[in-house]
Amino acid sequence: MAAPASAPADSRSRPAVRDVVFVDGVRTPFGKAGSKGQYAQTRADDMVVKVIRELLRRHPELPAERIDEVAIAATTQIGDQGLTIGRTAALLAGLPKSVPGFAIDRMCAGAMTAVTTVSSGIAFGAYDVVIAGGVEHMGNHPMGEGADPNPRFVSDKIVDPSALVMGSTAENLHDRYPSLTKERTDAYAALSQQRYEEAQKAGKISPDLVPVSTRSDEGWGLATTDEPPRPGTTVETLAGLKTPFRPHGRVTPGNAAGLNDGATGALLADAETAEELGLPIGMRLVGYSFAGVEPEVMGVGPVPATEKALKRAGLTIDDIGLFEINEAFAVQVLAFLEHFGIADDDPRVNPWGGAIACGHPLASSGVRLMTQLSRHFEEHPEVRYGITTMCIGIGMGGTVIWENPNYNAGGEQ
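Residues numbered from 1 in each chain as written. Predicted model: local features only at pLDDT ≥ 70, side-chain atom pairs only at ≥ 80, totals over all residues. Heavy atoms only, no water.

- As annotated in an unreviewed UniProt entry, the protein carries the name Thiolase family protein and comes from Saccharopolyspora endophytica.
- The UniProt entry for the protein carries this comment under Sequence similarities (unreviewed entry): "Belongs to the thiolase-like superfamily. Thiolase family." (UniProt positions renumbered as here; feature names shortened; annotations may be inferred.)

Structure representation (structure tokens):
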């Protein structure tokens, strides 16, 4: 007797889960938001166009028509970073009109979510090659512009009012973890600046930056370096900075990421297609997880997200040899390190500095973390696994676990 039409398909027709690989990533130099920043008169979508074109320029072995999707994140999806920016930027970049695109938002983890979303599609067989990334022009569109938070959040005591101000959530995190003093966060911030400066001088940063033509009242220019870094920063210079979120607080402009503009993009593919096209493999995706936490202390989000991802992957924190942790606030990074018993100055953590130095254009930052981790893997074949992790506004965290394709099993960590 024939099976009814509603019967499940034979399991043999279901596609096998495929291996997902990170091929390459690039970004624009990050700028300072505001009228004096290098991107004050540059459109957000044009920055995305630059990273898409650069990915294709660097990989002539990839026919543009083989790209199956373009996923671009933005936190404030209005103006020049609205209108389904994944699709519009793809068209502006000259990709074939047959290439679709979409926009995505998970605040700071926008680009990270763009990557994990399309990676799931690759694993399932819906895509072979994808571009994923993010953009944020915080000078044109400050976080929260045009937003209208439901008054019930406060009136029904769903969240504390401080949950809607990211700097206040960082102060709350200090309250919850008294051992995370301002002195420790300032020391971590100074280290981030120092590591970035050393990496820049060693030529580690510039190879992944796409020069961007800029315009100002003085004429045309060319953005080639990050604007936010403050070379020579010391604990002493940070100690006297004002605490804008609370009188006599602990969070300052020196131990937090600033307001920034910038875009990132990455190529991802399934392993067989990468081999077929001759695309390099920077990392292999192991797994990922997102987790929710109390919005008032959103900075702790990477902790449960990492625990969840490790458990699902059958790994422990001891298996992780490199960490790229977004530095929205120094206290948020230190909460993660303290939870897992990792020293504040562990050389495995953000070896080239982080967002406190180079900047954090919200939705773009996830791919910056991934691109840097892939470069670290090239230099450290003794490391098998690394993670990219970040806290997310409104109380979330996200973690992605990656495997090093250059891993030398004979050189154990």
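Next comes the rest of the account.
### Regarding the packing of helix α9 (residues 302-313) against helix α10 (residues 330-339)
Okay, step 1: Direction vectors running N to C along α9 and α10 enclose 45°, while the axes themselves pass 9 Å from each other. It follows from the interaxial angle that α9 and α10 lie oblique. Note on element contacts: α10 touches α9 through A335, F336 and H339, opposite P302, V303, T306 and E307.
Okay, step 2: Partitioning the contact of α9 with α10 into residue classes produces 4 nonpolar, 2 polar and 1 charged. (Axes fitted to C-alpha atoms, helices over the stretch in contact; angles between N-to-C directions. Helix = DSSP H or I, 4+ residues; strand = E, 2+ residues; numbered from the N terminus. Parallel < 35°, antiparallel > 145°, perpendicular 65-115°, else oblique. Contact = heavy atoms within 4.5 Å. Nonpolar A, V, L, I, M, F, W, Y, C, P; charged D, E, K, R; others polar.)

### Focus: the nonpolar core
Okay, step 1: Counting residues in each nonpolar core, the largest one holds 39 residues, and the members touching the most others are F323, F329, F336 and L337.
Okay, step 2: Looking at this core, the elements with two or more residues in it are α5 (166-176), α6 (182-201), α9, β10 (320-325), α10 and β11 (385-392).
Okay, step 3: Counting residues per element, this core draws most heavily on α10, which supplies 7 residues.
Okay, step 4: The residues touching F323, leaving out its near neighbours within four places in the chain, are I317, F336, I342, R348, V349, N350, P351 and I387.
Okay, step 5: Counting 36 residues, the second largest nonpolar core, distinct from the first, contains A123, V130, A132 and M283. (Core = buried A, V, L, I, M, F, W, Y, C linked by side-chain atoms within 4.5 Å. Buried < 20%, exposed > 50% of the residue type's maximum accessible area, 1.4 Å probe, protein only.)

### So, a nonpolar patch on the surface
Okay, step 1: On the surface, L164, V165, F245 and I394 cluster together into a nonpolar patch covering about 310 Å² of accessible area.
Okay, step 2: Tracing the chain through its elements places V165 in the loop between α4 (152-155) and α5.
Okay, step 3: With a relative accessible area of 36%, V165 lands in the partly exposed category. (Patch = residues over 30% accessible without salt bridge, like charges linked within 9 Å, V, L, I, M, F, W, Y side chains within 5 Å. Areas by Shrake-Rupley, 256 points an atom, 1.4 Å probe, with all protein chains shown as cover. Salt bridge = Lys/Arg side-chain N within 4 Å of Asp/Glu carboxyl O.)

### Focus: the UniProt feature "domain: Thiolase N-terminal" (unreviewed entry) in the protein
Okay, step 1: Sites flagged by UniProt as "domain: Thiolase N-terminal" (unreviewed entry) map to residues 20-270.
Okay, step 2: The annotated region residues 20-270 carries 31% helix and 20% strand content, and the separation between its end C-alpha atoms amounts to 5 Å.

### Looking at the environment of L334
Okay, step 1: With respect to the helices, strands and loops of the structure, L334 is situated in helix α10.
Okay, step 2: Sequence separation between L334 and D344 is 10 residues, and the spatial gap between their C-alpha atoms is 6.5 Å.
Okay, step 3: The contact partners of L334, leaving out residues within four places of it in the chain, are L180, R184, T185, Y188 and D344.

### Overview of the pairing of strand β9 (residues 283-292)
Okay, step 1: The sheet contact formed by strand β1 (residues 20-27) and β9 spans 2 bridges and is antiparallel. The residue bridging F22 from the neighbouring strand is M283, located in β9.
Okay, step 2: Where β9 lies against strand β12 (residues 396-403), 8 bridges are found, and the strand directions are antiparallel. Looking at β12, one finds that A291 is bridged to G397. (Pairing = 2+ DSSP bridges.)

### With respect to the confidence of the model for the protein
Okay, step 1: Across the protein, the average pLDDT comes to 95, with 95% of residues at 70 or higher.
Okay, step 2: A low-confidence stretch, residues 1-5 stays under pLDDT 50, and its non-local contacts, those more than four residues away or across chains, total 0 contacts. (pLDDT = per-residue confidence, 0-100.)

### Quick word on the UniProt feature "domain: Thiolase C-terminal" (unreviewed entry) in the protein
Okay, step 1: When the UniProt feature table is mapped onto this chain, "domain: Thiolase C-terminal" (unreviewed entry) is found at residues 284-403.
Okay, step 2: Between the end C-alpha atoms of residues 284-403 there is a gap of 5 Å, over a span that is 34% helix and 26% strand.

### Describing the packing of aromatic side chains
The geometry of an aromatic ring pair comes down to the distance between the two centres and the angle between the two planes.
Okay, step 1: For the structure on display, the rule yields 4 aromatic pairs.
Okay, step 2: Considering the side-chain rings of F323 and F336, the 6.3 Å spacing of their centres and the 70° angle between planes classify their relative orientation as edge-to-face. Here F336 lies in helix α10 and F323 lies in strand β10, a separation of 13 residues in the sequence.
Okay, step 3: Taking relative accessible area as the criterion, F323 reaches 0% and is therefore assigned buried.
Okay, step 4: Considering the side-chain rings of F336 and F340, the 4.8 Å spacing of their centres and the 55° angle between planes classify their relative orientation as tilted. Each member of the pair, F336 as well as F340, carries the same accessibility label: buried.
Okay, step 5: Put simply, the rings of F323, F336 and F340 pair up and form one aromatic cluster.
Okay, step 6: The residue whose ring lies beneath R27 is F30, and the NZ or CZ to ring-centre distance is 4.3 Å. (Phe/Tyr/Trp six-rings, centres within 6.5 Å; stacked < 30°, edge-to-face > 60°. Lys NZ or Arg CZ within 6 Å of the ring centre and 35° of its normal.)

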